[in-house]
Amino acid sequence: MDKDILQISLVLLAVLLFIIVLIVLLIFVNIKRKKYEEESNLVEKPSIYKNESNDDVNDDEVEIKDVNLNKGEAKKLSIICNNSSFKNYEMVNDIITIGRGKKCDLVIDDSYIGKYHSIIFYKDKSFFLADLNSKNGTYVENEKAIDGIYEIVKNIKVKIGYTEFYIILK
């Protein structure tokens, strides 16, 4: 009888210890998540949709909201696609939209890209790349998909769908 009580006590102690470790891990993850959210909120992510769905957006529903860009301050960049097409952009009070949609600034014919997949914008003397809640994500330098906003501090390789392109800062 005492042996059974001892075994049950050990099992209960192990379960209790497991629950305590789990709670500590959850607290740690929550603290890290809050810190990440605070850092992500340092730069406001522009919204381009009236609704949240990416592929269901009609071109007539697109609404680019002002993100208090540096008005009157010109900044240039180039985009080189993997098919060697080349486009220069001078951004003044502007956002570059990227996707399959006909009204995008950079239209890419790739079925794995959303109609309005991502954007590049210029704010506080920096360029930023933002994924617009796309299904297949936006990848930078063959790394995992960006979550939220990525500050472009050097020339980078971007992949969306099966399409790769380079953003060259000038």
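Below, the discussion takes up a nonpolar patch on the surface. Where nonpolar side chains cluster on the molecular surface, the patch consists of V11, V15, F18, I19, L22, I23, L26, I27 and I31 and spans about 860 Å² of accessible area. Relative to the assigned elements, I31 resides in helix α1 (residues 2-40).

The subject of this paragraph is the pairing of strand β6 (residues 126-131). Of all six residues in β6, six are buried, a share of seventy percent or more. By the alternation rule, side chains of β6 split into S126, F128 and A130 and F127, L129 and D131, which are all buried. Both strand β5 (residues 118-123) and β6 contribute to a ladder of six bridges, which runs antiparallel. By the bridge assignment, F121 is partnered in β6 with F128. In textbook terms, the turn of a hairpin is the stretch between consecutive antiparallel strands, and for β5 and β6 this stretch comprises two residues, one of which, D124, has a positive phi near 50°. With four bridges connecting them, β6 and strand β8 (residues 149-152) associate as antiparallel partners. Among the inter-strand pairings, F128 is bridged to a residue of β8, identified as E151.

Further remarks concern the pairing of β5. Burial analysis of β5 places six of its six residues in the buried class, the great majority of the element. Here β5 shows no split at all, with S118, I120 and Y122 on one side and I119, F121 and K123 on the other all buried.

In this structure, D124 is a non-glycine residue whose phi angle is positive, near 50°. Positionally, D124 belongs in the loop between β5 and β6. For K125, which is not glycine, the phi torsion reads 65° and is therefore positive. Counting through the fold element by element, K125 comes out in the loop between β5 and β6. Taking relative accessible area as the criterion, K125 reaches 63% and is therefore assigned exposed.

For the rest of this paragraph, the subject is the environment of G161. On the secondary structure map, G161 appears in the loop between β9 (156-160) and β10 (163-169). With 27 residues separating them in the primary sequence, G161 and S134 have C-alpha atoms 9.9 Å apart.

Remark: the centre distance and the inter-plane angle together describe each pair of aromatic rings, the angle taken between the planes. For the structure on display, the rule yields three aromatic pairs. Arranged with centres 4.8 Å apart and planes meeting at 85°, the rings of Y112 and Y162 form a pair that is edge-to-face. Of the two residues, Y112 is situated in the loop between β4 (106-107) and β5 and Y162 in the loop between β9 and β10; the sequence distance between them amounts to 50 residues. A relative accessible area of 59% means that Y162 is categorised as exposed.

All right, on to the sheet that holds β5 then. Across the sheet, which stays open at both edges, the five strands sit in the order β4-β3-β5-β6-β8 with mixed pairing between neighbours. Every other strand in the sheet has two partners, leaving β4 and β8 as the edge strands with one partner each. Across four bridges, the pairing between strand β3 (residues 95-99) and β5 is antiparallel. For I98, the partnering residue across the bridge sits in β5 and is S118.

Let us now look at the confidence of the model for the protein chain. Averaged over all residues, the pLDDT of the protein chain equals 75, while 67% of them reach at least 70. In this model, residues 40-55 is a region of pLDDT below 50 whose contacts with residues beyond four sequence positions or in other chains number 49 contacts. Within the model, pLDDT remains below 50 along residues 57-72, and this stretch shows 47 contacts once partners closer than five positions in the same chain are excluded.

Looking at soluble globular proteins, one finds that nonpolar side chains tend to be buried together. One finds I98, I120, L129, F165 and I167 to be the most contacted residues of the largest nonpolar core, which totals 20 residues. When residues of this core are traced back to their parent elements, those giving at least two are β1 (75-81), β3, β5, β6, β9 and β10. Each residue touching I167, except ones within four places of it in the same chain, is listed here: L77, S78, I120, I152, K154, N155, I156 and V158.

Definitions and cut-offs
Residues numbered from 1 in each chain as written. Predicted model: local features only at pLDDT ≥ 70, side-chain atom pairs only at ≥ 80, totals over all residues. Heavy atoms only, no water. Patch = residues over 30% accessible without salt bridge, like charges linked within 9 Å, V, L, I, M, F, W, Y side chains within 5 Å. Areas by Shrake-Rupley, 256 points an atom, 1.4 Å probe, with all protein chains shown as cover. Salt bridge = Lys/Arg side-chain N within 4 Å of Asp/Glu carboxyl O. Helix = DSSP H or I, 4+ residues; strand = E, 2+ residues; numbered from the N terminus. Buried < 20%, exposed > 50% of the residue type's maximum accessible area, 1.4 Å probe, protein only. Pairing = 2+ DSSP bridges. Phe/Tyr/Trp six-rings, centres within 6.5 Å; stacked < 30°, edge-to-face > 60°. pLDDT = per-residue confidence, 0-100. Contact = heavy atoms within 4.5 Å. Core = buried A, V, L, I, M, F, W, Y, C linked by side-chain atoms within 4.5 Å.

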